[in-house]
Amino acid sequence: MLLNLDQLHSLIREGQEQTLWRDWLHQTEQEKLQTLHYEKRHIEWLGGRICAKQAALQYLRHAQQGQHGPLSGQKAIAAPEPLIMNTTAGRPFLAHQARPQNLDLPHISISHSHGYALAMAAASPCGIDIQAGSPSLSRVKDHFCAAAEDTLLRQGLKPLPATDQLTLLWVAKEAVKKSVSWAPMPGFLELSLSRIQTMAKDGLVPLAPKEAQLQTDGLTSFLFTLAYYQRQDGNKQHSDHPQQQFQVAVGLHQRYGIG
């Protein structure tokens with residue numbers, strides 16, 4: 001679920017914030033929001049919660065329709081009922097004391113960047129990230145993009161500007177980091193881009209350079225495969241055999257990267 005925070009800001013200026021609170025927020029969330037006095041943080045927090053509730057309700061509607069188990073006769077869950085809390089590591093999760101016993105709440109992930117909030121809900125741990133394209137990513141490239149990854153990006157996504165290439169890599173790695181519960185969380189350079197595929201109507205195919213210019217505003221234009229290599233003293237361990245691999249759907253939306 002993607003939300004333009006400028007639209008949310010307009011509703012608040014029109015005096016509709018109390019309605020938004022009533023329609024979307026648990027009482028505990030309303031109390032939390034009242035402590036966020038910095039306007040930017042206030043809007044981002046509210047927008048993220050609304051997106052996460054929308055995503056979760058969509059997931060739960062499918063569940064109550066029997067796609068994840070028979071729940072006939074159960075009352076639909078309203079948006080303010082589930083409470084979004086955070087683990088000690090800062091990851092959001094849903095809590096709902098009154099839910100039906102045979103209904104599992106979905107995992108959620110929330111992100112926001114420069115005027116947009118974004119969230120997803122899924123049956124298993126998930127991660128989502130949105131990042132506005134910025135030249136500043138080039139200045140910190142060495143902190144999240146290894147030389148081999150830079151080469152793969154330039155070869156595989158050649159028609160895209162370098163900033164867009166780095167933005168897609170950034171959101172892919174952030175999405176993976178948000179999806180795992182390990183402590184400590186894997187570092188950016190412990191995740192290594194190993195393959196790029198493009199989304200096609202008949203499935204996934206290896207990306208030919210010319211294809212990168214065909215889809216630059218879709219939310220799932222490409223599929224990145226990232227390998228996790230645990231590091232010790234700055235060096236890869238067992239570099240030929242990654243501990244785990246992840247696949248992240250990435251794309252560009254109005255010059256924002258989404259993973």
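Position numbers for residues count from 1 along each chain, tracking the sequence in the order it is written. In keeping with the model being predicted, local features are shown solely for residues with a pLDDT of at least 70 and side-chain atom pairs are shown and tallied solely at 80 or more, while totals for entire chains, interfaces and linings include all residues. Values reported for side chains reflect all heavy atoms of the structure, with hydrogen atoms and water molecules removed beforehand.

Novice: I'd like to hear about the pairing of strand 4 (residues 107-113), residue by residue, with values.
Specialist: Partly exposed residues are those whose accessible area sits between 20% and 50% of the maximum for their type, while under 20% is buried and over 50% is exposed, using a 1.4 Å probe and protein chains only. Secondary structure elements follow DSSP: runs of H or I of four or more residues count as helices, runs of E of two or more count as strands, with numbering from the N terminus. A large share of strand 4 lies buried, amounting to five of its seven residues. Across seven bridges, the pairing between strand 4 and strand 5 (residues 116-122) is antiparallel. The partner of Ser113 across the bridge, within strand 5, is Tyr116. In sequence, strand 4 turns back onto strand 5 through a hairpin of two residues, with His114 there showing a positive phi of about 45°. We call two strands paired when DSSP finds no fewer than two bridges between them.

Novice: Pulling in residues and values, what's your account of helix 4 (residues 39-64)?
Specialist: An α-helix turns once every 3.6 residues. As a result, residues three or four positions apart point the same way. Compared with the 38 Å implied by 1.5 Å per residue over 26 residues, the 37 Å span of helix 4 between its first and last C-alpha is a close match. Most of helix 4 sits inside the fold, with 19 of its 26 residues counted as buried. To estimate the expected span of a helix, subtract one from its residue number and multiply by 1.5 Å.

Novice: Which residues make up the nonpolar core, and what values go with them?
Specialist: Only buried residues count toward a nonpolar core. Its members are Ala, Val, Leu, Ile, Met, Phe, Trp, Tyr and Cys residues joined through side-chain atoms within 4.5 Å. Ranked by internal contacts, the top residues of the largest apolar core, which has 33 residues, are Leu8, Leu20, Trp24, Leu33, Leu46 and Ile50. Within the residue set of this core, elements represented by two or more residues are helix 1 (5-13), helix 2 (17-24), helix 4, strand 4 and strand 5. Counting residues per element, this core draws most heavily on helix 4, at twelve residues. For this analysis, residues touch if any pair of their heavy atoms sits within 4.5 Å. Non-local contacts of Ile50, meaning those with residues more than four positions away in its chain, are made with Leu3, Leu8, Leu20 and Trp24.

Novice: If you had to explain the environment of Gly257 to someone new, which residues and values would you point to?
Specialist: Mapping Gly257 onto the fold places it in strand 13 (residues 256-258). What makes Gly257 buried here is its relative accessible area of 0%.

Novice: For the sheet that holds strand 4, give the residues involved together with the corresponding values.
Specialist: Overall, antiparallel pairing links the three strands, which are arranged 1-5-4 in an open sheet. Since the sheet does not close on itself, it has two edges, and those belong to strand 1 (2-4) and strand 4, each with one partner. Neighbour to neighbour, the strand axes of the sheet diverge by 15° on average, direction disregarded. The pairing of strand 1 with strand 5 spans three bridges and is classified as antiparallel. When the sheet's bridge partners are listed, Leu3 is paired in strand 5 with Ala117. Working convention: axes come from line fits to C-alpha atoms, limited for helices to the stretch in contact. Angles between N-to-C directions cover 0 to 180 degrees. The sheet strands contacting helix 1 are strand 1 and strand 5, and the helix crosses strand 1 at an angle near 55°.

Novice: Describe the pattern of salt bridges, and please don't skip the residues or the numbers.
Specialist: A pair is scored as a salt bridge if a Lys or Arg side-chain nitrogen falls within 4 Å of a carboxyl oxygen belonging to Asp or Glu. Taken as a whole, this structure holds eight salt bridges when the rule is applied. Here Arg22 and Asp23 are joined by a salt bridge, their closest N and O atoms 4.0 Å apart. Accessibility expressed as a relative area gives 55% for Arg22, which makes it exposed. For Asp150, the salt bridge is made with Arg154, and the minimal N-O distance between the two is 3.6 Å. In this pair, Asp150 and Arg154 are both assigned in helix 6 (residues 147-156), four residues apart and thus about one turn of the helix distant. Note on Asp150: relative accessible area 17%, which makes it buried. Take Arg154: its relative accessible area is 45%, and that puts it in the partly exposed class.

Novice: Can you explain the side chain of Arg91? Please cite residues and give values.
Specialist: Mapped onto the elements, Arg91 comes out in the loop between strand 2 (83-86) and strand 3 (92-95). Buried charge Arg91 goes without a salt bridge, the closest partner of opposite sign being Glu174 at 9.2 Å. Any N or O atom pair separated by 3.5 Å or less is treated as a polar contact, with the protein-specific requirement of one donor-capable and one acceptor-capable atom, and with residues adjacent in sequence counted only for side-chain atom pairs. Within the structure, Arg91 has its side chain in polar contact with the backbone oxygen of Val180 (distance 2.6 Å). Apart from the residues within four sequence positions on either side, Arg91 is in contact with Met85, Asn86, Lys177, Lys178, Val180, Ser181, Trp182 and Met185. His residues and chain termini do not enter the charge count, which takes Lys and Arg as positive and Asp and Glu as negative.

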